[in-house]
Amino acid sequence: MSTTGIIFSPIYYQHNPGRGHPESARRLHAIVSELKKNKLRGVGNWQFFKPEKAGLEDVELVHDREYIEFIENTCSLGGGILDVEGDTVASRKSFEVALYAVGGTLKAVNMIMKGRIRNAFALVRPPGHHAGKYRACGFCFFNNVAVAAKHLLKIFKLKKILILDIDAHHGNGTQEIFYDTNEVLYMSLHEDPRGFPGKGFTGEVGEREGLGYNVNVPLPFQTTDEVYLKAINEIVKPIVRQYKPQFILVSAGLDAHYRDPVGNLCVSALCYQEVYETVVSLASEVCEGKHALVLEGGYSLGSIGKIAVAAIAKMSAVQYIVADNIPETKERVRRQGESVIEVVKQVQKDFWNI
Ligand SMILES: [Zn+2]
């Protein structure tokens, strides 16, 4: 039971959104080669597991049947653009690969719940957190994390799940899916969402049963380690300790790194390492260590390997030396970031003791 499971299959290379698209198969290749290069050995250890293909009934836990058929039909005709922005592009194999992305995420949570592994990182693509019930968005087809959360509620009868979204972009799909429930607490740290995706502001706090179970921390562009970690320490930690989730799902985007060509935050791999350490320790504090990371974005081919391996090293309690620069904080960005953190605390004080 001491293993960290890495869910991966070369099938994930077969989704191809086209030449020059940042969400390419090379991303996973970069992560897997860094992992193989660093044979992490120590207390916990890690092991690869193959995903299974999700059934339509799994995907329908979140998505509308018509939407699923729209993706299937588009792919059977050879592929095409799925969203109005023109960012989310399917190839012939994408539907099947997207079913494996959902299936890989389900495999991670099932194995953890059955005690076969301690925790997991599902290295899947296409990513999921922008996908809503009825629509593709931001390179995402099916919302892998959302399906896993619904599955934990339905099959394992859990009542409290945390989704922590540390992708550089707000997970508008995930927020929308769980906006009116207290069974899933959605917390997201992300870049100023005015440009994209247009959701993720501090005042979006959930509705009806879900009021108070949605926490957005929209950080200014170029936010660096110091302010990012302040948000983790002063907002994420206290709220997680009060909510006491039974399972932690992490929308593990790697695109907040300063080298990322798509994200606009500016944190280092060392910051990521500290965030992963926090997740591991919060999980052991509140839910017997049960947590799964699920890959979302992350496009800097030179950096995402070491960021993902830093996560796996923390999860399996082995040594991995991360070398990276820590970008300097601009005074203006620091002031803006600190004021965002204050606003979030004021807003969330109605629901949490922070
Ligand atoms: Zn992103």
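Definitions and limits used
Residues numbered from 1 in each chain as written. Predicted model: local features only at pLDDT ≥ 70, side-chain atom pairs only at ≥ 80, totals over all residues. Heavy atoms only, no water. 1 Å grid on protein atoms, 1.4 Å probe; cavity = no way out; pocket = protein on both sides within 12 Å on 5 of 7 lines; lining within 4 Å. Points joined across faces, edges and corners; volume = space filled by probe spheres on them. Helix = DSSP H or I, 4+ residues; strand = E, 2+ residues; numbered from the N terminus. Nonpolar A, V, L, I, M, F, W, Y, C, P; charged D, E, K, R; others polar. Pairing = 2+ DSSP bridges. Axes fitted to C-alpha atoms, helices over the stretch in contact; angles between N-to-C directions. Contact = heavy atoms within 4.5 Å. Parallel < 35°, antiparallel > 145°, perpendicular 65-115°, else oblique. Left-handed = near helix turned anticlockwise from the far one by under 90°. Phe/Tyr/Trp six-rings, centres within 6.5 Å; stacked < 30°, edge-to-face > 60°. Buried < 20%, exposed > 50% of the residue type's maximum accessible area, 1.4 Å probe, protein only. Lys NZ or Arg CZ within 6 Å of the ring centre and 35° of its normal. Expected span 1.5 Å × (residues − 1). Arc of directions from axis to C-beta. Salt bridge = Lys/Arg side-chain N within 4 Å of Asp/Glu carboxyl O.

Asker: Is there a simple way to think about the layout of surface pockets in this case?
Answerer: Think of a ball as big as a water molecule: rolled over the atoms, this probe shows where empty space is left. The calculated volume of the largest pocket comes to roughly 160 Å³. In terms of lining, the largest pocket is formed by Glu 52, Lys 53, Ala 54, Asp 58, Gly 103, Leu 106, Lys 107, Asn 110, Met 111, Lys 114 and Arg 116. Sort the elements by how many residues they give to the lining of the largest pocket and helix H4 (residues 94–113) lands first, with five residues. A breakdown of the residues in the lining of the largest pocket according to their chemical character gives three nonpolar, two polar and six charged.

Asker: Sorry, what's going on with the sheet that holds strand S10 (residues 291–295) here?
Answerer: Reading across from one edge, S2-S1-S5-S10-S9-S6-S7-S8 is the order of the eight strands in this open sheet, with parallel pairing throughout. Every interior strand has two partners, whereas the edge strands, strand S2 (46–49) and strand S8 (214–219), have only one. Across the sheet, the mean angle from the axis of one strand to that of its neighbour is 15 degrees, orientation sign disregarded. Against the sheet, helix H1 (residues 25–37) touches strand S1 (4–7), S2 and S10, its axis set at about 140 degrees to S2. With respect to the sheet, helix H7 (residues 225–243) is in contact with strand S6 (161–165), strand S7 (184–191) and S8, its orientation differing from that of S7 by roughly 175 degrees.

Asker: For this particular structure, what's the right way to read the packing of H7 against helix H10 (residues 331–348)?
Answerer: When two helices pack together, you describe them by how their axes are tilted relative to each other and by the distance separating the axes. Put simply, H7 and H10 touch, their axes get as near as 10 Å, and they point 15 degrees apart. Accordingly, the angle class assigned to the pair H7 and H10 is roughly parallel. Crossing geometry of H7 relative to H10 is assigned as right-handed. In this structure, H7 contributes Glu 226, Val 227, Lys 230, Ala 231, Glu 234 and Ile 235 to the contact, and H10 contributes Arg 334, Gly 337, Glu 338, Ile 341, Val 344 and Lys 345.

Asker: Honestly, unusual backbone geometry in this entry has me stumped. Any pointers?
Answerer: It is generally the case that most residues other than glycine have a negative phi and that most peptide bonds are trans. Of note, the bond from Arg 125 into Pro 126 is cis; its omega dihedral lies within 30 degrees of zero at 0 degrees. Within the secondary structure layout, Pro 126 lies in the loop between strand S5 (119–122) and helix H5 (144–154). A cis amide bond, omega 0 degrees, links Phe 196 with the succeeding residue Pro 197. Structurally, the position occupied by Pro 197 is in the loop between S7 and S8. For Gln 222, which is not glycine, the phi torsion reads 70 degrees and is therefore positive. When you line up the elements, Gln 222 lands in the loop between S8 and H7.

Asker: Would you mind going over the packing of aromatic side chains with me for this structure?
Answerer: Pairs of aromatic rings are described using the distance from one ring centre to the other and the angle between the two planes. By the definition in use, this model includes 10 aromatic pairs. Aromatic side chains Phe 8 and Tyr 13 sit 5.7 Å apart centroid to centroid with 65 degrees between the ring planes, which places their arrangement in the edge-to-face category. On the basis of relative accessible area, Phe 8 is assigned to the buried category, the value being 10%. Arranged with centres 5.3 Å apart and planes meeting at 90 degrees, the rings of Trp 46 and Phe 48 form a pair that is edge-to-face. Assessed through its relative accessible area of 28%, Phe 48 is described here as partly exposed. Cation over ring: Lys 160 sits above Tyr 243, and NZ or CZ is 5.6 Å from the ring centre.

Asker: Any chance you could explain H10 here in plain terms?
Answerer: In an α-helix, one turn spans 3.6 residues, which is why side chains three or four residues apart end up on the same side. With 18 residues, H10 ought to run about 26 Å at 1.5 Å a step, and its terminal C-alpha atoms sit 26 Å apart, in line with that. Buried residues of H10: Val 333, Arg 334, Gly 337, Val 340, Ile 341, Val 344, Lys 345 and Gln 348, and no others. Projected onto a plane normal to the axis of H10, the buried residues spread over an arc of 135 degrees and lie on a single side. Where the residues of H10 are buried, they touch S8 and H7.

Asker: Can you walk me through the environment of Cys 75 in this structure?
Answerer: Among the secondary structure elements, Cys 75 is positioned in helix H3 (residues 65–76). The spacing of Cys 75 and Phe 156 is 81 residues in sequence and 33 Å in space, taken between C-alpha atoms. With residues near it in sequence (within four places) discarded, Cys 75 still touches Ala 90, Ser 91, Arg 92, Ser 94 and Phe 95.

Asker: I'm lost on the pattern of salt bridges in this one. Help?
Answerer: Side-chain pairs of opposite charge can arise where the charged atoms are in close proximity. Applying the stated criterion across every chain yields a total of 22 salt bridges. The shortest N-O distance in the salt bridge between Glu 23 and Arg 125 comes to 2.7 Å. Placement of the pair is Glu 23 in the loop between S1 and H1 and Arg 125 in the loop between S5 and H5, with a sequence separation of 102 residues. Among the residues examined, Glu 23 registers a relative accessible area of 1% and is labelled buried. With relative accessibility at 0%, the residue Arg 125 sits in the buried group. Among the ionic contacts, a cluster of salt bridges with common partners joins Lys 230, Glu 234, Glu 342 and Lys 345.

Asker: What should I look at first to understand the side chain of Thr 105 in this one?
Answerer: As for its position among the elements, Thr 105 is in helix H4. We classify Thr 105 as buried; its relative accessible area is 1%. Setting aside chain neighbours within four positions, we find Thr 105 in contact with Ala 122, Val 124, Asn 144, Ala 148 and Val 294.

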